[in-house]
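Residue-level structure breakdown
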Amino acid sequence: MSKIPFVTKEQVEEIVKTYPTPFHIYDEKGIRENARAMNKAFSWNKGFKEYFAVKATPNPTILKILHEEGCGTDCSSMAELVISEKCKITGTDVMFSSNETPAEEFVKCAEIGGIINLDDITHIDFVLSALDEAVKSGRLSQEALGGEGRRLPKRMSCRFNPGGVFRLGESTEAVQVMDNPGEAKYGMTKDQIIEAYKRLSELGVEELGIHSFLASNTLSNEYYPALAKILFELAVEIKEKTGVALSFINLSGGVGIAYEPDKPANDIAAIGAGVHKVFDEVLVPAGMGDTAIFTELGRFMLAPYGHLITKAVHEKHTYKEYIGVDACAANLMRPAMYGSYHHLTVLGKEDAPATETYDVVGSLCENNDKFAIDRKLPKIDIGDYLCIHDTGAHGFSMGYNYNGRLWSAELLLREDNSVICIRRPETLDDYFATLDGFWDVEV
Ligand SMILES: *Cc1c(COP(=O)(O)O)cnc(C)c1O
């Protein structure tokens with residue numbers, strides 16, 4: 001089985017005349033079609049919104065494309081809130097699912113009218129004092145909070161952590177998804193979240209939501225429906241115990257993609273239908289049929305629609321066969337950090353037999369800088385272009401500057417097949433900018 005790149009060797013040969021390798025390139029058509037399929041899968045829910053997890057691909061052009069398709073942003077830091085604001089994505093199009101959050105970030109979120117999603121019950125008092133202080137000092141207008149007398153925004157959310165182990169599938173062999181919320185730093189316990197809703201509604205918050213993230217990169221159409229069941233049942237219990245009818249339920253991220261070409265992909269239509277079924281079984285009979293469903297997907301929205309394109313620059317025959325490329329883990333950290341599989345295509349050799357076994361490696365002085373280990377590939381010649389697949393999410397964004405490696409460009413393949421630059425490559429001047437004025441420090 002194989003994966004088909006969205007660019008050909010001929011296209012890459014044209015692109016490199018203007019933008020040398022390595023670079024990340026995104027496929028506008030794929031992004032738009034997938035976003036439409038996502039919205040269609042949940043179109044049965046009136047208030048549905050996907051808040052794209054900005055951390056996955058924090059590029060303004062990408063955020064604007066997704067916004068045009070009806071998506072908001074899910075932010076988790078000051079920089080992500082500011083990117084969103086600069087893209088004119090504000091108000092209830094912004095979710096702020098952060099943790100260990102500095103006070104000024106809560107203030108920024110309130111300023112742009114975003115939805116603060118509290119990670120802990122103690123953060124109610126923390127946000128109250130942050131916002132009180134900001135209003136008193138004039139950094140935050142009373143209007144941003146929704147008018148006179150308000151201390152908190154009208155609409156807020158709380159993050160839930162059910163604890164224990166989350167598992168899908170009956171027997172050990174059939175386990176499709178497993179993760180360990182009880183060991184995760186995020187979210188509130190059930191008792192805490194019920195207490196939090198009581199306090200928040202006493203404090204005048206009118207629209208409350210719940211959020212939970214139980215497992216990452218799941219490859220199962222059952223993950224969202226199983227999570228939805230847990231949250232929907234809890235929402236009914238919250239209504240019974242506190243009188244608070246939640247306005248929205250946020251299923252967060254975690255719907256994965258098949259990085260390996262032989263794994264079955266998730267079917268978003270089936271996932272939407274699965275959530276719909278649980279919605280009709282649990283929320284509708286409880287009189288909560290107008291609850292909005294939110295999602296915060298990053299990987300599912302973007303990963304397949306990005307490639308890292310790199311060139312083979314060295315080959316080496318020692319105890320193994322190595323191909324050295326001009327990209328490195330600073331451009332794509334996942335293989336080094338998690339041992340993740342990313343499929344590779346040698347452009348122009350899509351149909352050539354995989355006769356060789358290579359380690360495909362980058363230039364960092366770190367032996368984990370390997371895009372592929374013992375990978376069966378066609379014979380690679382120096383100068384061949386390699387397409388590293390599924391780098392559209394958590395790819396460029398996890399980059400770093402180790403070994404003085406510079407950030408690459410990000411390009412966009414438009415729907416008309418033209419290519420535009422959506423972030424220029426970093427230069428040595430950029431890299432050294434934080435040292436301006438420090439070259440002549442006396443030692
Ligand atoms: C990372 C993250 C997401 C997105 O996760 P994906 O695996 O990319 O779907 C969504 N919400 C929160 C709070 C996150 O931390």
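Scroll up a little and you will see the structure.
What you see is a predicted model, and the numbers here were worked out from it, not measured in a lab. Every chain's residues receive numbers from 1 upward, in the order its sequence appears when written. Given that the model is predicted, a residue must reach a pLDDT of at least 70 before its local features are reported, and side-chain atom pairs must reach 80 or more before they are shown or counted; all residues, however, enter totals for whole chains, interfaces and linings. To obtain the side-chain values, all non-hydrogen atoms of the structure were used and water was disregarded.

**Examining the site of the ligand**
Short version of the rule: Only heavy atoms are used to decide nearness, and a residue is near a molecule or strand if one of them lies within 4 Å of it. Any pair of N or O atoms that falls within 3.5 Å is considered a polar contact. Within protein, one atom must be able to donate a hydrogen and the other to accept it, and sequence-neighbouring residues count only if both atoms are side-chain atoms. Only the protein chains shown count as cover for residues, and the accessible areas themselves come from Shrake-Rupley with a 1.4 Å probe. Here the term charged refers only to Asp, Glu, Lys and Arg, the term nonpolar to Ala, Val, Leu, Ile, Met, Phe, Trp, Tyr, Cys and Pro, and the term polar to all other amino acids, Gly among them.
As a structural note, the neighbourhood of the ligand is formed by 15 residues, with Lys 55, Gly 254, Glu 296, Arg 299 and His 394 the closest of them. Contact between the ligand and Asp 74: a nitrogen atom at 3.3 Å from a side-chain N or O atom of the residue. Here His 394 contributes a side-chain N or O atom positioned 2.7 Å from an oxygen atom of the ligand. Across the complex, the protein chains shield 90% of the 390 Å² of accessible surface that the ligand would expose by itself. Here the shell around the ligand is built from residues that sort into three nonpolar, seven polar and five charged.

**Looking at the nonpolar core**
Keep this limit in mind: Think of a nonpolar core as a cluster: buried Ala, Val, Leu, Ile, Met, Phe, Trp, Tyr and Cys residues, connected wherever their side-chain atoms sit within 4.5 Å. Note on classification: 1.4 Å probe, protein chains only; a residue is buried when its accessible area is under 20% of the maximum for its type, exposed when over 50%, partly exposed between these limits. For the purposes of this entry, the term helix denotes a DSSP run of H or I that reaches at least four residues, the term strand denotes a run of E that reaches at least two, and both are numbered from the N terminus. We call two residues in contact whenever any of their non-hydrogen atoms come within 4.5 Å of each other.
With 92 residues, the main nonpolar core has Phe 42, Ile 210, Tyr 224, Phe 232 and Met 301 as its most contacted residues. The leading source of residues in this core is helix α8 (residues 223-242), at 11 residues. Beyond its immediate chain neighbours, meaning those up to four positions away, Met 301 contacts Asn 34, Ala 35, Met 38, Glu 50, Phe 52, Leu 66 and Cys 71. Among the nonpolar cores identified, the runner-up in size contains 16 residues, and Leu 308, Val 346, Phe 371 and Leu 386 belong to it.

**Details of the environment of Leu 200**
Position of Leu 200 among the secondary structure elements: in helix α7 (residues 190-202). For Leu 200, a relative accessible area of 0% puts it in the buried group. Once the C-alpha coordinates of Leu 200 and Lys 154 are considered, the two residues, 46 residues apart in sequence, prove to be 9.8 Å apart. The contact partners of Leu 200, leaving out residues within four places of it in the chain, are Leu 118, Ile 124, Leu 152, Met 156, Cys 158, Val 205 and Leu 208.

**Some thoughts on the environment of Asn 367**
With respect to the element layout, Asn 367 can be found in the loop between β15 (356-361) and β16 (370-377). The spacing of Asn 367 and Ala 336 is 31 residues in sequence and 8.8 Å in space, taken between C-alpha atoms.

**Observations regarding the side chain of Asn 266**
Tracing the sequence through the fold places Asn 266 in the loop between β10 (248-250) and α9 (268-283). Separated by 2.9 Å, the side chain of Asn 266 and the backbone nitrogen of Ser 220 make a polar contact. Those residues in contact with Asn 266 that sit more than four places away from it in its chain are Thr 218, Leu 219, Ser 220, Asn 221, Val 255, Gly 256, Ile 271 and Phe 300.

**A closer look at the environment of Lys 29**
Relative to the helices and strands, Lys 29 resides in helix α2 (residues 28-41). Spatially, the C-alpha atom of Lys 29 lies 12 Å from that of Met 301, the residues being 272 residues apart in sequence.

**Section: unusual backbone geometry**
Here the amide bond leading from Thr 21 into Pro 22 is cis, since omega sits at -5 degrees, within 30 degrees of zero. By the element assignment, Pro 22 lies in the loop between α1 (9-18) and β1 (23-27). You will see that Asn 217, though not glycine, has its phi angle at about 45 degrees, which is positive. For Asn 217, the location among the structural elements is in the loop between β9 (207-211) and α8. The phi dihedral of Asp 374 falls on the positive side, at around 50 degrees, and the residue is not glycine. With respect to the element layout, Asp 374 can be found in strand β16.

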